[in-house]
Amino acid sequence: MQIFNIVIAGVGGQGVLMASKVLAESALASNLDVKQNEVHGMAQRGGSVISFVRIGDKINSPVVMPGSADLLISFEPLEALRYIHYLKPGGRLVYNKVSINPSTVAAGLAVYPDDVEQQIAALCAEAKGLDALSIAREAGNGKAVNMVMVGTVMQHLPLKEEIITEVVKQISQNKGVEVNLKALAGGAAA
Amino acid sequence: MKKIISGNEAIALGFGDAGGVFASGYPGTPSTETLEEVARLGDVYCEWAANEKVALEAVIGGSIAGGRSLSTMKHVGVNVAADALLTLTYTGVNAGLILMVSDDPGMHSSQNEQDSRNYAKFAKVPMLDPANSQEAYDMVRAGFEISEQFDTPLMLRTTTRIAHAKGLVVPQEKVAPQIGEWVKDVPKYVMLPNFGKLKHVEVEARLLKLQEFAETTPLNRIEMGDTEVGIITSGVSYQHVREACPNASVLKLGLVHPLPEKKIREFAGSVKRLMIVEEMDAIFEEQIRAMGIEVEIGKNKLPLCGEINADLIRAALGDKVPEVAAPVTGLPQRPPVFCPSCAHRGLFTILSKLKCFVSGDIGCYTLGALPPMNAMHSVIDMGASISAAHGMAKVNAIAGRDEKPVAVIGDSTFFHSGITGLLSMAYNDGNALVIIMDNRTTGMTGGQENPGSGVTLQGVPTQQVEIAPLVKALGIDNVVELDAYDLKATEAAIKKGLETPGPYVLIDKNPCVLRYKVRKPAIHVDQDKCTGCRACLKVACMALGLTASGEKQKVRVDPNVCNGCGVCTQMCKFDAMHELGGDNHANL
Ligand SMILES: Cc1ncc(C[n+]2csc(CCOP(=O)(O)OP(=O)(O)O)c2C)c(N)n1
């Protein structure tokens, strides 16, 4: 198969790493080669986070280069715009429409642009936004935004939905299984 | 069974499977998870040391006592441990000893970009440089074998894209730990000059033997392809090379010190153009040029700073680089900030207001240097806040400047190397205000245990050091507790500390809200009372924001983010901010 490059973007604390893990484990369970990579270290909440997942028969570099992502999943609109240049021409973008203020905006040093969605639409024909927070809350926990996002993109991945669902089941902690599965299904239906 | 794990996890697993007995390290991105994963193995003893020097020395003891031992740290940690390393190379080992070090090209979360391969050369020890998780796993076992065969410590070096990148690993059969004898051997382990002189000769001879080994070990392999270009590379750079030039001939080095001269010569002779791809310093290139081998492409075309990637390699070769859209410009930055309700926020709100010179240190509190706080004015290395403040105060006194510096340091950093600085300040009649933010954890690296946490890396309850009596024992008389959530009290305490001559120590003991999961009801803004004066925004909390552009923008609090610390409410002169009550939804 052709290498499938995924970029996941969001804000520290939103569960980008967990979503990346689900995709990487699902690739492994599908007998594909996979590399997943993000740069983390600072424990603080609120910084911009970006993670790469590369799936194929043989993967060398763990890094997705700008202009080469098949799919960009963003947990926050501004972050979608920040990393939109990672998409290859014709690449797909799925993003959560619920915004989170950067500290610079919270401190009144910068303004959160009010035309983010329009800018996204102008740059990417295959863009879809959804309110993942409400879906996560309906599933039982606002923190399950990450699983909602995975659910939403499932149909566009070179991975079977049953395998992804199984992986989510396996890696969710006891209490979280039900919420995560509901969030996944909620995302898939959105 | 096949697993998908990071380089750090692979090294931990490799350690357990290679009969590892004892591991000690100090947290530091991107190395931290290695030791945490050793702890998760459950059946191998491991611990956080107070700093990297202590960790390496403990591991030296472990090796002398006959157990395969591993020390883990980030690149700058080796600077701290270097004193031990540079003599350990003379004594050699009993059981195998690996010093794992993680470099951070691109400085994703470090204060400098040093290349640890320099230390392998400096200490004259072998170094392995894995290119993926599988190699990271395998090289632990190979590393112990080399360490024992050649009676040498071995450095296992990763970079961020190896340490944190996840890839597939098939583990080998586990070997049971075998603990050797604990032998007294004075000429081997006592580095008095007379013994050291003999040992130095041995070290040079050992390096020649390792060089021979490097010629034949499968750790260094030639992948012959198109002979137009031949590329010498190692580590993650190998992966970028394969991405950019799938058909090129490659000499992939796994053992990156010492270099296999004959093999390099043979490889160079079999290709038309020779290229060297290495991140950061020109370590291979300088040595290969010194062998008299012509290098066509190296640091003349590739950067010394930052990470290498496939496009940089293509460009250096003169190949076509795919054109890509430029990033969208003019977007608001999203730098990391103090977490909602972190105690550091209150402290820096006041330091920012008082405009004192703050000699800073390394930890979450370093974010106090960023706007809008702008309240940290020097940050060098761990512990420097206190010692540098001392030097500032001395020169200020000589210059007749009547201003006392403020040092800010965290608990982990204080234990790591702040204690000696404070001891020295007390001894030398210093004059600085030292604020210790004792949140009972090593926050910035993800909340690791430290001597103040009361629990070990493996979750065992233990001694919990109290900082105030420790500080008093160092010779400091003025030691006062601080509550950084109380802005008025904090301001008063800092002013008092600045007015009182001599060393003065304030200690804040509020726990890290992230590590200890502190939850409080969110704050609510009464929109009728809010005048939009923005005084509260000075606390730089991501829970705060302005209402959508209207005639008069007011402040609102995001209940998904706010954790109710109440620091912002103390900034409000119009009584518009109150606790909301009820459940907390903060997505911390
Ligand atoms: C020599 C060295 N070792 C490790 C690190 C990695 N590091 C950065 S900050 C930090 C600890 C911060 O903990 P603490 O001082 O308790 O402050 P907090 O982040 O909890 O506020 C560490 C270990 C480093 N920068 N330098």
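Residues numbered from 1 in each chain as written. Chains lettered and ligands numbered in written order. Predicted model: local features only at pLDDT ≥ 70, side-chain atom pairs only at ≥ 80, totals over all residues. Heavy atoms only, no water.

## Points about the sheet that holds strand β5 (residues 97-103) of chain B
All names here are of chain B.
Phase 1 of the analysis: Within the open sheet, the seven strands sit side by side as β3-β2-β4-β5-β7-β6-β12. Their pairing is mixed. Edge positions in the sheet fall to β3 (45-48) and β12 (255-257), since each has one partner strand and no second.
Phase 2 of the analysis: In terms of strand pairing, strand β6 (residues 127-128) meets strand β7 (residues 154-159) through two bridges, oriented parallel. If you follow L128 over to β7, its bridge partner there is L156.
Phase 3 of the analysis: Relative to β3, helix α2 (residues 33-41) is tilted by about 140°, and along the sheet it contacts β2 (22-25), β3, β4 (69-74) and β5. (Pairing = 2+ DSSP bridges. Helix = DSSP H or I, 4+ residues; strand = E, 2+ residues; numbered from the N terminus. Contact = heavy atoms within 4.5 Å. Axes fitted to C-alpha atoms, helices over the stretch in contact; angles between N-to-C directions.)

## Topic: the site of the ligand
All names here are of chain B.
Phase 1 of the analysis: Close to the ligand lie 26 residues; E52, H344, D411, T413 and G443 are nearest.
Phase 2 of the analysis: H344 places a side-chain nitrogen or oxygen 2.8 Å from an oxygen atom of the ligand.
Phase 3 of the analysis: At 2.7 Å from an oxygen atom of the ligand is found a side-chain nitrogen or oxygen belonging to D411.
Phase 4 of the analysis: Considered on its own, the ligand offers 590 Å² of accessible surface; in the complex 97% of this is hidden by protein.
Phase 5 of the analysis: When residues are assigned to domains, the shell around the ligand turns out to be shared by domain 1 (3-215) and domain 3 (343-509), each giving three or more. (Near = heavy atom within 4 Å. Polar contact = N/O pair within 3.5 Å; in protein donor to acceptor, adjacent residues only side chain to side chain. Areas by Shrake-Rupley, 256 points an atom, 1.4 Å probe, with all protein chains shown as cover. Domains from an automatic or database assignment.)

## Some remarks on the environment of W48(B)
Phase 1 of the analysis: Tracing the chain through its elements places W48(B) in strand β3.
Phase 2 of the analysis: If we ignore the near neighbours within four places in the chain, the residues touching W48(B) are G25(B), Y26(B), P27(B), T32(B), L35(B), E36(B), Q448(B), E449(B) and L457(B).

## Brief notes about unusual backbone geometry
Residue and element names in this part refer to chain B.
Phase 1 of the analysis: Across the junction of T29 and P30, the peptide omega takes the value 0°, indicating a cis bond.
Phase 2 of the analysis: Its location among the elements puts P30 in the loop between β2 and α2.
Phase 3 of the analysis: Cis geometry marks the peptide bond from P371 to P372; its omega dihedral reads 5°.
Phase 4 of the analysis: Residue position: P372 is located in the loop between β14 (358-359) and α15 (384-399).
Phase 5 of the analysis: Located in the positive-phi region is A540, a residue other than glycine, with phi close to 50°.
Phase 6 of the analysis: Inspection of the secondary structure assignment puts A540 in the loop between β19 (523-525) and β20 (544-546).
Phase 7 of the analysis: On the accessibility criterion, A540 (7% relative accessible area) is buried.
Phase 8 of the analysis: Backbone geometry places D575, a non-glycine residue, at a positive phi of 55°.
Phase 9 of the analysis: With respect to the element layout, D575 can be found in the loop between β21 (555-557) and β22 (577-579).
Phase 10 of the analysis: Exposure remark for D575: the relative accessible area of 44% places this residue in the partly exposed category. (Buried < 20%, exposed > 50% of the residue type's maximum accessible area, 1.4 Å probe, protein only.)

## Focus: the nonpolar core
Phase 1 of the analysis: Membership of the largest hydrophobic core comes to 75 residues, with the highest contact counts inside it found for L351(B), V408(B) and I435(B).
Phase 2 of the analysis: Per-domain counts for this core show at least three residues from each of domain 3 (343-509) and domain 4 (523-579) of chain B.
Phase 3 of the analysis: When near neighbours in sequence (up to four residues on either side) are disregarded, V408(B) contacts L347(B), F348(B), L351(B), V358(B), S359(B), G360(B), D361(B), Y365(B), M376(B), S385(B), I435(B) and M437(B).
Phase 4 of the analysis: Ranked by size, the runner-up nonpolar core spans 43 residues in total, among them A132(A), V167(A), V168(A) and L184(A). (Core = buried A, V, L, I, M, F, W, Y, C linked by side-chain atoms within 4.5 Å.)

## Side note on a nonpolar patch on the surface
All names here are of chain B.
Phase 1 of the analysis: Residues V186, V190 and L192 make up a contiguous nonpolar surface patch of roughly 230 Å² in combined accessible area.
Phase 2 of the analysis: By the secondary structure assignment, L192 is in the loop between α8 (186-189) and α9 (193-216).
Phase 3 of the analysis: Classification of L192 by relative accessible area gives partly exposed; the value is 48%. (Patch = residues over 30% accessible without salt bridge, like charges linked within 9 Å, V, L, I, M, F, W, Y side chains within 5 Å. Salt bridge = Lys/Arg side-chain N within 4 Å of Asp/Glu carboxyl O.)

## Side note on the sheet that holds strand β17 (residues 478-482) of chain B
Residues and elements named next belong to chain B.
Phase 1 of the analysis: Read from one edge to the other, the open sheet built from five strands follows the order β14-β15-β16-β18-β17, with strand pairing classed as parallel. Only two strands of the sheet have a single partner each, and these edge strands are β14 and β17.
Phase 2 of the analysis: Across the sheet, helix α14 (residues 343-354) lies against β14, β15 (406-410), β16 (433-437), β17 and β18 (504-508), angled at about 155° from β16, the strand it touches most.
Phase 3 of the analysis: Along the sheet face, helix α16 (residues 411-427) touches β15, β16 and β18 and points at about 145° away from the line of β15.

## Focus on helix α7 (residues 161-171) of chain A
Residues and elements named next belong to chain A.
Phase 1 of the analysis: Those residues of α7 lying buried are I164, V167 and V168. Down the axis, α7 shows its buried residues gathered within 100° of arc, on one side only. Exposed residues on α7 whose side chains face more than 90 degrees from its buried face are E162 and Q170.
Phase 2 of the analysis: Where α7 is buried, its residues touch α1 (16-29), α6 (145-153) and α8 (176-189). (Arc of directions from axis to C-beta.)

## A few points about the environment of V455(B)
Phase 1 of the analysis: For V455(B), the location among the structural elements is in the loop between β16 and α17 (467-473).
Phase 2 of the analysis: Excluding residues within four positions of it along the chain, V455(B) makes contact with E449(B), N450(B), V460(B), P461(B) and T462(B).

## Quick word on the domain arrangement of chain B
All names here are of chain B.
Phase 1 of the analysis: Taken domain by domain, chain B comprises domain 1 (3-215), domain 2 (220-316), domain 3 (343-509) and domain 4 (523-579).
Phase 2 of the analysis: The gap between the C-alpha centroids of domain 1 and domain 2 is 25 Å.
Phase 3 of the analysis: Across the contact, 32 residues belong to domain 1 and 29 residues belong to domain 2.
Phase 4 of the analysis: Roughly 2400 Å² is buried in total at the junction of domain 1 and domain 2, and carbon and sulfur atoms are behind 56% of that figure.
Phase 5 of the analysis: At the surface where domain 1 touches domain 2, the tally comes to four salt bridges.
Phase 6 of the analysis: E135 serves as the salt-bridge partner of K252, at 3.0 Å between the closest nitrogen and oxygen.
Phase 7 of the analysis: In this assembly, domain 1 and domain 2 are joined by 20 residue pairs in polar contact (both at pLDDT 80 or more).
Phase 8 of the analysis: The set of elements that each furnish at least two residues to the side of domain 1 that touches domain 2 consists of α5 (117-123), β6, α6 (133-149), β7, α7 (160-163) and α9. (Buried area = accessible area lost by both parts, 1.4 Å probe.)

## Digging into the pairing of β15(B)
Residue and element names in this part refer to chain B.
Phase 1 of the analysis: Burial analysis of β15 places five of its five residues in the buried class, which makes it a mostly covered element.
Phase 2 of the analysis: Side chains V406, V408 and G410 of β15 all project onto a buried face; the interleaved residues A407 and I409 project onto the opposite face, where all are buried too.
Phase 3 of the analysis: Here β14 pairs with β15 via two bridges, running parallel. The residue bridging S359 from the neighbouring strand is A407, located in β15.
Phase 4 of the analysis: At this point the chain moves from β14, through α15, to the parallel β15, and the crossover so formed is right-handed.
Phase 5 of the analysis: Regarding topology, α16 serves as the crossover connection from β15 to the parallel β16, and that connection is right-handed. (Right-handed = clockwise from strand over helix to strand, strands pointing away.)

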